Amino acid sequence: MANDADFYSANFALQLKNKEMKTVLITGANKSIGFETARQLAQKGYFVYLGSRDIDNGTKAASRLKAEGLANVEAVTIDVCNKASIEAARKFIESKSGVLDVLINNAGILGSQPQSASEMSTDEIRKVFDTNFFGTIDVTQAFLALLEKAEVPVIVNVTSGLGSLTLHSDPSWKYYPYKTAAYGTSKTAQNAYTVVLAHELKDKGFKINAIDPGYTATDFNNHSGPNSVEYAAAFVTKYALLDADGPTGKYFSPDIESENNESPW
Ligand code: NAP
């Protein structure tokens, strides 16, 4: 007799095939903000493809969510710096659900320190751009055809407040001294790509935005951030859930204290 796991797996396969369940791929979801976003979207009934460059870490993370009763999660190997790995992930998701409703480009690295504009080597800067900028582009391009099959295709590019040139020009901004030659610049470039892509795909109904999760306690910053992963992921999740009336080509941050949290570029 089939066990509960087999029953749920067969049931989800049927729902995915019939496109009744919305699907999301989150890169770098084996821990921290990506993992918590996976949890929150699974709780909202999405089928979550939990991306991890290391399959063991991804499987362990998916098992943690399954142990919480969230059976609608599956680990997928995806290294955003490796085109073969991205293509394998695309083929896997295509064969499983034939559509992708939401892509969250969350995987990101800070890069080596210090990040002096006058001294940091371009080799080190390139490594950060490979993940944060080119990784976002390669993953996005690979999944566009599957996203186009969604009713309202959504892309969330997880950025940082440190990508805002306007804020970097304001001496009264609280993160004004945090100038980084690789990390901040890679997020500025990712923001620029977000604007260009959103414009190109606006007539196809895409909702594509740059979302800063805010300064959050994770491995990324040795847990120095003041915000929790729950708070950061709730902000990211809000923009993953956009419908046809939602904004596109915008930049949002929980640090911007206005009604809609829209950030200047
Ligand atoms: P984190 O704790 O360092 O986690 C980063 C995730 O990205 C990990 O799962 C990591 O995988 C994955 N990753 C790195 N390189 C990858 C690659 N080449 N392919 C696939 N996955 C890769 O960072 P976080 O704090 O959760 O940050 C998530 C996102 O939020 C990043 O884009 C970051 O820039 C942004 N952000 C964070 C903060 C903050 O204060 N934490 C603030 C603003 C923006 P491994 O476990 O295998 O290393």
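Up top is the structure.
Bear in mind that the values here come from a model prediction, so they are computed numbers and not experimental data.

### Comments concerning the sheet that holds strand 7 (residues 251–252)
Reading across from one edge, 3-2-1-4-5-6-7 is the order of the 7 strands in this open sheet, with parallel pairing throughout. The open sheet has two edge strands with one neighbour each: strand 3 (73–77) and strand 7. Note: strand 5 (residues 154–158) against strand 6 (residues 207–211), 5 bridges, orientation parallel. Bridge pairing in strand 6 places Val156 opposite Asn209. Relative to the sheet, helix 4 (residues 83–97) contacts strand 1 (23–26), strand 2 (47–52) and strand 3, its axis offset from that of strand 3 by approximately 150°.

### With respect to the nonpolar core
Counting 37 residues, the largest nonpolar core has Leu25, Tyr49, Leu100, Leu103, Phe143, Leu147 and Ile155 as its most contacted members. Mapped by element, the contributors of at least two residues to this core are helix 1 (4–17), strand 2, helix 4, helix 5 (122–147) and helix 7 (183–200). Here this core takes 11 residues from helix 5, the largest share from any one element. If near-sequence neighbours (up to four positions away) are discounted, Leu100 is found in contact with Thr23, Val24, Leu25, Tyr49, Ile93, Phe143, Leu146, Leu147 and Ala150.

### Considering the packing of aromatic side chains
Applying the stated criterion across every chain, the model contains 11 aromatic pairs. Taking the centre distance of 5.6 Å and the plane angle of 85° together, the rings of Trp173 and Tyr175 count as edge-to-face. Here Tyr175 falls in the buried class, since its relative accessible area comes to 14%. Aromatic rings pair up to connect Trp173, Tyr175, Tyr178 and Tyr215 into one cluster. Positioned above the aromatic ring of Tyr176, the side-chain terminus of Lys179 is 3.9 Å from the ring centre.

### Points about the site of the ligand
Contacts to the ligand come from 29 residues, most closely from Ser32, Asn106, Tyr183, Thr216 and Thr218. Side-chain polar atom of Asn30 to an oxygen atom of the ligand: 2.8 Å apart, as the coordinates give it. For the ligand, an oxygen atom lies 2.6 Å from a polar atom in the side chain of Tyr183. If the ligand stood free it would expose 900 Å²; the protein chains cover 93% of that surface. Contributing elements (two or more residues each) for the shell around the ligand: helix 2 (32–43) and helix 7. Residues that form the shell around the ligand fall into these classes: 11 nonpolar, 12 polar and 6 charged.

How each quantity is defined
- Residue indices follow the written sequence of each chain, beginning from 1 at its first position.
- Given that this is a predicted model, residues contribute local features only at a pLDDT of at least 70 and side-chain atom pairs are listed and counted only at 80 or more, while totals for whole chains, interfaces and linings are drawn from all residues.
- Where side-chain values are given, they derive from all heavy atoms of the structure, hydrogens and water being excluded.
- By definition, two strands form a pair when at least two bridges between them are found by DSSP.
- Helix and strand assignments come from DSSP, with helices taken as H or I runs of at least 4 residues and strands as E runs of at least 2, each series counted from the N terminus.
- By the convention used here, residues are in contact when the closest approach between their heavy atoms is within 4.5 Å.
- Structural elements are reduced to axes, namely lines fitted to C-alpha atoms, with helices fitted over the stretch in contact, and the angle between N-to-C directions of any two is expressed from 0 to 180 degrees.
- Among the buried residues, those of types Ala, Val, Leu, Ile, Met, Phe, Trp, Tyr and Cys that are joined through side-chain atoms within 4.5 Å form a nonpolar core.
- Each residue is assigned to one of three classes by its accessible area relative to the maximum for its type, calculated with a 1.4 Å probe on protein chains only: buried under 20%, partly exposed between the two thresholds, exposed over 50%.
- Working definition: rings of Phe, Tyr and Trp (its six-membered ring) pair if their centres are within 6.5 Å, and the pair is stacked with planes under 30 degrees apart, edge-to-face with planes over 60 apart, and tilted otherwise.
- Counting as a charge over the ring demands two things of the Lys NZ or Arg CZ atom: a distance within 6 Å of the ring centre and an angle within 35 degrees of the ring normal.
- If a single non-hydrogen atom of a residue is within 4 Å of a molecule or strand, that residue counts as near it.
- Here a polar contact is taken to be a pair of N or O atoms separated by no more than 3.5 Å, where protein atoms must pair a possible hydrogen donor with a possible acceptor and residues adjacent in sequence count only if both atoms sit in side chains.
- Residue-level accessible areas treat just the shown protein chains as cover; the underlying method is Shrake-Rupley with a 1.4 Å probe.
- We call Asp, Glu, Lys and Arg charged. Ala, Val, Leu, Ile, Met, Phe, Trp, Tyr, Cys and Pro are nonpolar, and the rest, Gly among them, are polar.

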